Amino acid sequence: MNKIENVLYTGKTRTTGGRDGAARSDDCRLDIKLSPPGSNGPGTNPEQLFAAGWSACFIGAMGRAAKDKRVLLPADTAVNAEVDLGTNEGGFQLQARLNVSLPGLARDVAQELIETAHQICPYSKMSRGNIDVTINLV
């Protein structure tokens, strides 16, 4: 396991009630209700939060890759993340798809940025070898 040598930021939250609860960050910028996936509850769920966090991080990693390769990342870059919650013989499991849009970039350049981003994005590193992940250039 790789350990962090220099902590850049620590996100802190307090969650109560699990999937039928609430979560709040220590700075109160995040203050949300939680509801189970597929329910009619008023809140979001951990899978949506994971998808939002991963897609934002992945765009940041593509920006870093683009800068290193001296390529301008399109202003309308987008990642549509899909995180599935399911079961198998081992119990509950996640799987994910990142559908990446890099309009205006040549396909080979876009694919190279995606591949580099997947190597440097902390969320991608966390998921690698742990869940099934598909990344599509759309």
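Up top is the structure.
Residues numbered from 1 in each chain as written. Predicted model: local features only at pLDDT ≥ 70, side-chain atom pairs only at ≥ 80, totals over all residues. Heavy atoms only, no water.

1. Some points on the environment of arginine 14
Alright, step 1. Position of arginine 14 among the secondary structure elements: in strand β1 (residues 13-16).
Alright, step 2. For arginine 14, a relative accessible area of 63% translates into the label exposed. (Helix = DSSP H or I, 4+ residues; strand = E, 2+ residues; numbered from the N terminus. Buried < 20%, exposed > 50% of the residue type's maximum accessible area, 1.4 Å probe, protein only.)

2. Looking at the pairing of strand β2 (residues 22-25)
It is a general feature of regular strands that their side chains alternate between the two faces of the sheet.
Alright, step 1. Burial of the side chains of β2 is restricted to one face: Ala23 and Ser25 are buried, whereas none of Ala22 and Arg24 on the reverse face is.
Alright, step 2. Bridge count for β1 against β2 is four bridges, and the pairing is antiparallel. Its bridge partner being in β2, threonine 16 is matched across the sheet by alanine 22.
Alright, step 3. Where β1 folds back onto β2 in an antiparallel hairpin, the turn is made up of five residues, including glycine 17, whose phi is positive at roughly 80°.
Alright, step 4. Judged from the three bridges that link them, β2 and strand β3 (residues 31-33) form a sheet pairing that is antiparallel. Bridge pairing links alanine 23 to isoleucine 32 in β3.
Alright, step 5. What sits between β2 and β3 in their antiparallel hairpin is a turn of five residues, with cysteine 28 showing a positive phi close to 65°. (Pairing = 2+ DSSP bridges.)

3. What to know about the sheet that holds β3
Alright, step 1. The sheet built from three strands is open, its strands ordered β1-β2-β3 with antiparallel pairing. Strand pairing shows two members of the sheet lacking a second neighbour, β1 and β3, which therefore form its edges. Across the sheet, the mean angle from the axis of one strand to that of its neighbour is 10°, orientation sign disregarded. (Axes fitted to C-alpha atoms, helices over the stretch in contact; angles between N-to-C directions.)

4. Structural notes on the nonpolar core
Alright, step 1. Counting 19 residues, the largest nonpolar core has Trp54, Phe58, Met62, Val100 and Ile114 as its most contacted members.
Alright, step 2. Elements represented by at least two residues in this core include exactly α1 (46-68), β4 (78-88), β5 (91-101) and α2 (107-120).
Alright, step 3. Beyond its immediate sequence surroundings of up to four residues, isoleucine 114 is in contact with Phe58, Met62, Val100, Leu102, Ile135 and Leu137. (Core = buried A, V, L, I, M, F, W, Y, C linked by side-chain atoms within 4.5 Å. Contact = heavy atoms within 4.5 Å.)

5. Here's the deal with the environment of arginine 24
Alright, step 1. Within the element layout of this structure, arginine 24 appears in strand β2.
Alright, step 2. Each C-alpha atom, one on arginine 24 and one on lysine 12, is 8.5 Å from the other, the two residues being twelve residues apart in sequence.
Alright, step 3. Not counting residues up to four positions away in its chain, the partners in contact with arginine 24 are Lys12, Thr13, Arg14, Leu30 and Asp31.
Alright, step 4. Engagement of the side chain of arginine 24 in a polar contact is seen with the side chain of aspartate 31, the distance being 3.0 Å. (Polar contact = N/O pair within 3.5 Å; in protein donor to acceptor, adjacent residues only side chain to side chain.)

6. Observations regarding the state of the cysteines
Alright, step 1. Scanning all chains against the criterion turns up zero disulfides.
Alright, step 2. Considering cysteine sulfurs only, cysteine 57 is the nearest to cysteine 121, which forms no disulfide, with 3.3 Å between them. (Disulfide = S-S within 2.5 Å.)

7. Section: the sheet that holds β5
Alright, step 1. On the basis of which strands lie adjacent, the open sheet formed by three strands has the order β4-β5-β6 and mixed pairing. Among the strands making up the open sheet, the edge pair consists of β4 and β6 (132-137). Each neighbouring strand pair of the sheet contributes to a mean axis angle of 15°, computed without reference to strand direction.
Alright, step 2. Bridging between β5 and β6 involves six bridges; their strand directions are parallel. The residue bridging arginine 97 from the neighbouring strand is threonine 134, located in β6.
Alright, step 3. Along the sheet, α2 makes contact with β5 and β6, crossing β6 at roughly 155°.

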